[in-house]
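# Analysis of the macromolecular model
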Amino acid sequence: MARLGIAAIALFVLTSGAMANDITPAVRSELAPTGTLRVGLNHGNFLLVTSGSSAADPRGVAPDLAREVARRLGVPIEFSKFETAGALGDAVRTGAWDVAFLGAEPQRATEIAFTAAYLEIPATYLVPAGSPIRAIADVDREGVRIAVAEKSAYELWLSRNIKHARLVLTKGIDGSYDAFVKDKLEVLSGLRPRLLTDVQKLPGARILDGQFTAVQQAIGTPKARAAGAAFLRTFVEAAKASGFVGEAISRNGSQGVSVAPPAP
């Protein structure tokens, strides 16, 4: 792993020592019941997992954090690859992972115990050339169709909040872009860093200013694992405060995201 800054190292050593007292037998047995920390990752989110990463040895902000959790627990790590956030979230029902890195949304919190966010990703809209839509407030109107990746964190937000426009659900982020172009939809929703790439392929298209939400990327574990969840919550706050998350964002080139604020 690349070197952390001096200040981050100092803080991280201190927090590592403090957290060592939190690793009880219950914590270790809940987070690594097989003796290995099994981590689920969404390879479809290039801001968290570097594009082209191998399933067994992935790179990115989320894998860096996962390896640090395993190091603190003193157990080996095993990664599972998922192509979408929806598939990753649904896999909690099959026991496919012990810890997962995905957006914290109320619909998922019924089955997954989440930490506070470790980073935030702004979500907004892209509109085609000539669109009369000028602002985010103009989107939720009758006759407006919004392309959105099914079961993404921002789709869950839109499903709760959009009252008049129609959501066109697709499989994956690439699917939402393809539907937007092919079916000449009025709006493409997405994470701003991805839309910055999409807009370059569409002459005259515009990304609307601001954001309709910021996806709260968090760490989750199955709901019943209370001791493990408490440990992860403490870990995330320490990782943010020490500078570890910020260093991981910089090291992996995850542009357009920011370290989440401390939990209240």
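What comes next concerns the included structure. These numbers were taken from a predicted model, which means no experiment stands behind them. (Residues numbered from 1 in each chain as written. Predicted model: local features only at pLDDT ≥ 70, side-chain atom pairs only at ≥ 80, totals over all residues. Heavy atoms only, no water.)

### Brief notes about the packing of aromatic side chains
We describe a pair of aromatic rings using the distance from one ring centre to the other and the angle between the two ring planes. Summed over all chains, the structure comprises three aromatic pairs. A centroid spacing of 6.0 Å and a plane angle of 75 degrees characterise the contact between Phe101 and Tyr118, whose relative ring orientation is edge-to-face. Note that Phe101 is positioned in strand E3 (residues 99-103) and Tyr118 in the loop between strand E4 (112-114) and strand E5 (119-127), a separation of 17 residues in sequence. A residue is classified by how much of its surface remains accessible, and Tyr118, at 1% relative accessible area, is buried. Taken together, the ring pairs in this structure connect Tyr125, Trp157 and Phe212 into an aromatic cluster. (Phe/Tyr/Trp six-rings, centres within 6.5 Å; stacked < 30°, edge-to-face > 60°. Helix = DSSP H or I, 4+ residues; strand = E, 2+ residues; numbered from the N terminus. Buried < 20%, exposed > 50% of the residue type's maximum accessible area, 1.4 Å probe, protein only.)

### With respect to the pairing of E5
The element E5 is extensively covered by neighbouring structure, given that nine of its nine residues are classed as buried. The pairing of E5 with strand E10 (residues 213-222) spans five bridges and is antiparallel. Across the sheet, Pro122 pairs through a bridge with Ala214, a residue of E10. As paired strands, E5 and strand E11 (residues 258-259) are joined by two bridges and run antiparallel to one another. Within E11, the residue paired with Leu119 across the bridge is Val259. (Pairing = 2+ DSSP bridges.)

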